[in-house]
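# Structural characterization, general
Now for the letters of each chain:
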Amino acid sequence: AEYMGDDVLQIASESDKHRQILGERIVQNEAKAAQLQEMVKEATHIGKTAQERYVALAKTLQNKEALLETVEKRNEKLDRQLISLQKDIKTARNLLAKKQSKIKNAQNEYPEKIRELITKIEQAEKKANIAELEAQKHQREISLTADKLAKFVENRQALSYEMDRAWSDANV
C-alpha cells in the first residue's frame, strides 16, 4: 500500500506540474491573442486609410484625364487654326506674286497706276507678315500645350504609381 501511495503522490505531483505548465501556456496564448487582436485592428485601420487614399487618387486621376481630354481638344482646334492661317498666308503670297508680275508688265505703260499697285502690294505684304506672325503665335501656343501635355503624362504616371501603392496597402 505504501508503494501505491508513492505512485499516487508522484502522479499528483506530475499532474500539478502539467497544470502549472498548461496555466502558463494559457496565459501566454491569451497575451498572443491580445497582440493579434491589436495587429488586426491596426491592419484594418491601415487598410481603410489606404482604401481612402486609393479613392482620392482615383478621383484625381479621373480629373486629370478630363483635363487631358480638354487639352487635346484645344490642341486639335489650334492645329486647325494654324493650318487655316498657313493656307491664308500661302494664298496671300500667291496673290502678291501675281500682282508683282502685273506691275512689272505694266511698269512702262502706267506710272501712276504702278504707284497705286505698289501701295496695294505693300499693304498686302504687311497683311501677309501679320498673318505669318499670327501663325507663329499659334505655333508657340501649340508647343506650350504639348509641353503641358507631356508634363501631365508624367504626373499621370506618378499618380498611377501612387494608386498601385495605395491599392497594395489596402490589400495588406
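In what follows, the structure referred to is the one given above.
Please read all numbers here as calculations on a predicted model, not as lab measurements.

Here is what the cut-offs are and how they apply
- Per chain, residue numbering runs from 1 following the sequence as it is written.
- Note on the predicted model: pLDDT of at least 70 is required for a residue's local features to be given, and 80 or more for side-chain atom pairs to be given and counted; whole-chain, interface and lining totals, by contrast, use all residues.
- Hydrogens and water molecules were not included; the side-chain quantities draw on all heavy atoms of the structure.
- Segments assigned H or I by DSSP are reported as helices when at least four residues long, segments assigned E as strands when at least two residues long, and all are numbered from the N terminus.
- Put simply, the radius of gyration uses C-alpha atoms, and a globule should come to 2.2 Å times the residue count raised to 0.38.
- Throughout this description, buried means an accessible area under 20% of the type-specific maximum (1.4 Å probe, protein chains only), exposed means over 50%, and partly exposed covers the range between.
- Only heavy atoms enter the contact rule, under which two residues are in contact if any of them lie within 4.5 Å.
- Under the convention used here, a 1.4 Å probe and the Shrake-Rupley method define accessible areas, while residue burial counts only the protein chains that appear.
- Charge counting treats Lys and Arg as positive and Asp and Glu as negative, with His and both chain ends excluded.
- Here the site of a charge means atom NZ of a Lys, CZ of an Arg, CG of an Asp or CD of a Glu.
- Joining through side-chain atoms within 4.5 Å is the link that ties buried Ala, Val, Leu, Ile, Met, Phe, Trp, Tyr and Cys residues into a set, and such a set is a nonpolar core.
- Here the term patch refers to residues with relative accessible area over 30% and no salt bridge, with like charges joined within 9 Å and nonpolar side chains (Val, Leu, Ile, Met, Phe, Trp, Tyr) within 5 Å.
- Take a side-chain nitrogen of Lys or Arg and a carboxyl oxygen of Asp or Glu: if they are within 4 Å of each other, that pair is a salt bridge.
- The span you would expect from a helix comes to 1.5 Å times its residue count less one.

### Things to note about the overall build of the chain
- Looking only at helices and strands, the chain has two helices and zero strands in total.
- Relative to the compact-globule value of 16 Å for 172 residues, the chain shows a C-alpha radius of gyration of 43 Å, a clear excess of over 25%.
- On the principal axes, the C-alpha backbone points of the chain span a range of 155 × 20 × 15 Å.
- Split into buried and exposed, the 172 residues of the chain put 15% on the buried side.
- For the chain, restricting intrachain contacts to residue pairs at least 6 apart in sequence, the fraction spanning at least 24 positions comes to 87%.
- For the chain, the accessible surface area stands at approximately 14100 Å², while carbon and sulfur atoms represent 55% of it.
- Distance between charge centres in the chain, computed from 31 positive and 29 negative side chains, equals 18 Å.

### What to know about the nonpolar core
- In this structure, Leu78, Leu82, Leu85, Ile89, Ala131, Ala135 and Ile142 together form the largest nonpolar core, which totals seven residues.
- Of all the elements in the fold, those that place two or more residues in this core are α1 (2–106) and α2 (111–170).
- For this core, the leading source of residues is α1, giving four residues.
- Residues Leu61, Leu159, Met163 and Ala166 belong to the second largest nonpolar core, which totals five residues.

### A word on the side chain of His138
- The residue His138 is located in helix α2 in this model.
- Dropping the residues within four chain positions of it, His138 is found in contact with Leu78, Gln81, Leu82 and Leu85.

### Focus: a positive patch on the surface
- Taken together, the side chains of Lys98, Lys99, Lys102, Lys113, Lys120 and Lys127 define a basic patch exposed on the protein surface.
- Going through the elements one at a time, α1 and α2 are the ones with two or more residues in the positive patch.
- With respect to the helices, strands and loops of the structure, Lys127 is situated in helix α2.

### Thoughts on the environment of Leu67
- Within the fold, Leu67 resides in helix α1.
- For Leu67, a relative accessible area of 46% corresponds to the partly exposed category.
- Separated by 82 residues in sequence, Leu67 and Leu149 place their C-alpha atoms 9.6 Å apart.

### Side note on the pattern of salt bridges
- Inspection of every chain in the model, using the stated rule, returns six salt bridges.
- Residues Lys41 and Glu38 are paired through a salt bridge, measuring 3.8 Å at the closest nitrogen-oxygen approach. Taken together, the positions of Lys41 and Glu38, both in helix α1 and three residues apart, correspond to about one turn of that helix.
- On the basis of relative accessibility, which here comes to 57%, the residue Lys41 falls in the exposed class.
- Its relative accessible area of 47% is what places Glu38 among the partly exposed residues.
- Of the charged contacts in the structure, one is a salt bridge between Lys151 and Glu154, with a shortest N-O distance of 3.7 Å. Within this pair, Lys151 and its partner Glu154 are both found in helix α2, separated by three residues, close to a single helical turn.
- Here Glu154 falls in the partly exposed class, since its relative accessible area comes to 47%.

### Section: α2
- With 60 residues, α2 ought to run about 88 Å at 1.5 Å a step, and its terminal C-alpha atoms sit 87 Å apart, in line with that.
- Here α2 has its buried residues at Ile114, Ile121, Ala128, Ala131, Ala135, His138, Ile142, Thr145, Phe152, Leu159, Met163 and Ala166.

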